[in-house]
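The primary structure of each chain is shown beneath.
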Amino acid sequence: MYFIAGSTNCLKEPVEVLEEAILGGITIFQYREKGEGCLCDSERLELGKRLRNVCRENGIPFIVNDHIELALELDADGVHIGQEDEEALQVREKIGDKVLGVSVHSREEAEKAIRAGADYFGVGPIFPTATKEDAKEVQGTAMIEKLKDFGIPMVGIGGINADNADIVTNAGADGVSVITAISHAEDVRAAAAGLREKIEGGKK
Ligand SMILES: C=C1C=NC(C(F)(F)F)=NC1=N
């Protein structure tokens, strides 16, 4: 149950949102400070430190999106990179044995990511998403089906919520990653718990 958020995705204090999401049962968190009005420099670093501390206190892996230097400065547990970001191989050299997540959209991209030692794949957008302005076209679960024989942990991303999360895990994903369905929820804890329940229930 992979929660992803930055200040622009939260309707209230991001640290509070993360704490409630952790109570709801998320298992990994990604700090993604991106998009219109996102924080930069010292503000981004400060919020990153606070979010990292909450994850550490709760034994939740803390992943940083895109910004390798920020991930190293925060001593994050790992980084997530897209195809447009720095080459996975170079990132792997910079981060040592930290977790390396890569967004992949094809078998070729997956094979390249594996050569770079990717620890997990992000596959999507599974459903239409409003969060990522430059998202690639919606692909449903077809790519999950295609990539699951690589045997690399894989999470779906894009428009996932409590109604459709089990479609993603039933298609072979090891988990789901979610931004808005949790961060915009009236009750963040309940939203995270509902999603967790849905993908655990779906698996049995
Ligand atoms: C663009 C993204 C695609 N996938 C993922 C993750 F869910 F972590 F795999 N995170 C991203 N930021």
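Scroll up to find the structure this text is about.
Residues numbered from 1 in each chain as written. Predicted model: local features only at pLDDT ≥ 70, side-chain atom pairs only at ≥ 80, totals over all residues. Heavy atoms only, no water.

A.B. asks: Pulling in residues and values, what's your account of the nonpolar core?
C.D. replies: Core analysis: the biggest nonpolar cluster contains 59 residues, and Ile26, Phe29 and Ile182 have the highest contact counts within it. Among residues more than four places away in sequence, those in contact with Phe29 are Tyr2, Phe3, Ile4, Ala5, Leu18, Leu51, Cys55, Ile60, Pro61, Phe62 and Ile63. Grouped together as the second largest cluster of nonpolar side chains are seven residues, Tyr2, Ile63, Tyr120 and Ile179 included. (Core = buried A, V, L, I, M, F, W, Y, C linked by side-chain atoms within 4.5 Å. Buried < 20%, exposed > 50% of the residue type's maximum accessible area, 1.4 Å probe, protein only. Contact = heavy atoms within 4.5 Å.)

A.B. asks: Mind laying out unusual backbone geometry, listing which residues take part and the relevant values?
C.D. replies: Here the bond from Gly124 into Pro125 is cis, since omega is 0°, no more than 30 degrees from zero. Position of Pro125 among the secondary structure elements: in the loop between β6 (120-123) and α6 (142-147). Of note, Asp41 is a non-glycine position whose phi angle comes to about 40°, a positive value. By secondary structure assignment, the location of Asp41 is in helix α2 (residues 41-58). The class for Asp41 is exposed, based on a relative accessible area of 60%. Here Asp75, not a glycine, exhibits a phi torsion of approximately 50°, which is positive. As for its position among the elements, Asp75 is in the loop between α3 (68-73) and β4 (78-81). (Helix = DSSP H or I, 4+ residues; strand = E, 2+ residues; numbered from the N terminus.)

A.B. asks: Which residues make up the site of the ligand, and what are the values?
C.D. replies: Looking at the ligand, the residues that line it are Tyr2, Ile4, Gln30, Arg32, Asn65, His80, Ser103, Tyr120, Gly122, Val155, Ile157 and Ser177. Within the side chain of Gln30, a nitrogen or oxygen atom sits 3.0 Å from a nitrogen atom of the ligand. In the model, a nitrogen atom of the ligand is placed 3.4 Å from a nitrogen or oxygen of the His80 side chain. Burial of the ligand by the protein amounts to 92% of the accessible area it has alone, namely 310 Å². With respect to the pocket detection grid, the ligand is positioned in the largest pocket. Elements with a contribution of two residues or more to the shell around the ligand: β1 (2-5), β6 and β7 (154-157). Broken down by class, the residue content of the shell around the ligand amounts to five nonpolar, six polar and one charged. (Near = heavy atom within 4 Å. Polar contact = N/O pair within 3.5 Å; in protein donor to acceptor, adjacent residues only side chain to side chain. Areas by Shrake-Rupley, 256 points an atom, 1.4 Å probe, with all protein chains shown as cover. 1 Å grid on protein atoms, 1.4 Å probe; cavity = no way out; pocket = protein on both sides within 12 Å on 5 of 7 lines; lining within 4 Å. Sits in = over half its atoms within 2 Å of the grid points. Nonpolar A, V, L, I, M, F, W, Y, C, P; charged D, E, K, R; others polar.)

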